[in-house]
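These are the residues of each chain, in order.
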Amino acid sequence: MERLIDLSEREILALAIFAEEEDGKIYRGFAEGLREQYPASAKVFDEMADEEVRHRTMLFDLYRSKFGDFLPLIRRQDVKGFIKRKPLWLTRPLGLDEVRKYAETMELEWARFYRKAAQSARDSSIRELLDRLADAEDEHESLAHKLGETILTKAARAREDATSRRLFVLQYVQPGLAGLMDGSVSTLAPLFAAAFATHNPWQTFLVGIAASVGAGISMAFAEALSDDGSLTGRGAPVLRGAVCGAMTTAGGLGHTLPYLIPDFFVATVISICVVAAELAIISFIRHRFMDTPFLAAAFQVVVGGVLVFIAGIAIGSS
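The structure presented is a predicted model; accordingly, all values stated were derived computationally and were not measured.

Draft legend 1. Just the overall build of the protein chain, in detail. Tallying secondary structure elements over the protein chain gives 11 helices and zero strands in all. Along the protein chain, from the amino end to the carboxyl end, the secondary structure elements read α-α-α-α-α-α-α-α-α-α-α. A burial count over the protein chain gives 44% of its 318 residues as buried. In the protein chain, the proportion of contacts linking residues at least 24 apart, taken out of those at least 6 apart, comes to 72%.

Draft legend 2. Expanded view of the packing of helix H10 (residues 264–289) against helix H11 (residues 294–317). Between H10 and H11, the least distance of the axes is 8 Å, while the angle of their chain directions is 145°. The hand of the H10/H11 crossing is right-handed. Contact with H10, carried on its side by Ile272, Leu279, Ala280, Ile282, Ser283, Phe284, Arg286 and His287, involves Phe294, Ala297, Ala298, Gln300, Val301, Val302, Gly305 and Phe309 of H11 and no other residues of that element. Residue classes in the contact of H10 with H11 are distributed as 11 nonpolar, four polar and one charged.

Draft legend 3. Up close: the nonpolar core. Grouped together as the largest cluster of nonpolar side chains are 27 residues, with contacts concentrated most on Leu7, Ile12, Leu59, Phe113, Tyr114 and Leu130. For this core, the secondary structure elements donating two or more residues are helix H1 (9–34), helix H2 (39–67), helix H3 (96–120) and helix H4 (124–138). Among the elements that make up this core, the one with the highest residue count is H1 (seven residues). Every residue in contact with Leu59, bar those within four places of it in the chain, is listed here: Leu13, Ala16, Ile17, Glu20, Tyr114, Leu129 and Leu133. In terms of nonpolar packing, the next biggest core, distinct from the first, is built from 19 residues, Val169, Leu180, Phe192 and Val301 among them.

Draft legend 4. Region of the structure containing the packing of aromatic side chains. Scanning the model with the defined rule gives nine aromatic pairs in all. A centroid spacing of 6.5 Å and a plane angle of 10° characterise the contact between Phe60 and Tyr63, whose relative ring orientation is stacked. Within this pair, Phe60 and its partner Tyr63 are both found in helix H2, separated by three residues, close to a single helical turn. The buried category is assigned to Tyr63, whose relative accessible area is 0%. Grouped by ring-pair contacts, the aromatic residues Tyr27, Phe30 and Phe45 constitute a single cluster. Directly above the aromatic system of Phe60 lies the positively charged group of Arg56, at a separation of 5.5 Å from the ring centroid.

Criteria and thresholds
Residues numbered from 1 in each chain as written. Predicted model: local features only at pLDDT ≥ 70, side-chain atom pairs only at ≥ 80, totals over all residues. Heavy atoms only, no water. Helix = DSSP H or I, 4+ residues; strand = E, 2+ residues; numbered from the N terminus. Buried < 20%, exposed > 50% of the residue type's maximum accessible area, 1.4 Å probe, protein only. Contact = heavy atoms within 4.5 Å. Axes fitted to C-alpha atoms, helices over the stretch in contact; angles between N-to-C directions. Left-handed = near helix turned anticlockwise from the far one by under 90°. Nonpolar A, V, L, I, M, F, W, Y, C, P; charged D, E, K, R; others polar. Core = buried A, V, L, I, M, F, W, Y, C linked by side-chain atoms within 4.5 Å. Phe/Tyr/Trp six-rings, centres within 6.5 Å; stacked < 30°, edge-to-face > 60°. Lys NZ or Arg CZ within 6 Å of the ring centre and 35° of its normal.

Dropping the structure here:
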């Protein structure tokens, strides 16, 4: 693997040509991935891809005038110092903020590359072009920023932010909330039935662990198999299932862990306090993301939780 300072001017230009072509394809991939949900941002990335094509043309014209038509294959992975990028452009669905930050990192990396390459270039025309490209990559005023102002207006950005929030709710909040509610409420009955039947904290803890893990696995599969997300926009089934299963297990573990305390009375009091906190958190999440009035959300959640809690105590005390 070569170092940048060891590359000849010919190799520097060849590297830049291949990189500009690759970056143009990356921006085009971002545009395609964003077009359906975020058309204004997709247009921004189309323009940025066109800019990369213009950069490549400038570089190749200069290369051909200096070194002829043969272009040696040298890519960024062949040179030390470049960041290894994950193929975010292949991800579906694409996260808007993540894509914007990724693009900014790309521009910053290439601005540094062109400036460093220009310092080592001996040919004045090559040095001048590399400096110009560094300015082009560095000045988001003339590229992403200006395009964002003219194409991605405040109104368009507001619409896209609203879409992003809606997708976040569909893909993460809804399955996570369903899991948290199931784990926090459905495990109450077996946990407190075991607690009041045995008055043994360790046996109660084992029942709670089993109920939490079992409920988590069950909910994970139920969520993942409910739909493939292609029509509903709810995202990858595996991811939704993992979120739902993890939150289900977490919801059950919250009021199970206090039974690691040897004193049954203390453990039960703490567990009940944790249950109250869990129900309050669920009510807040429903209010915050599902546009449910807080009192209505609290009433619905608390009533269900109390009924399951009473059922568990009644069964355990019988």
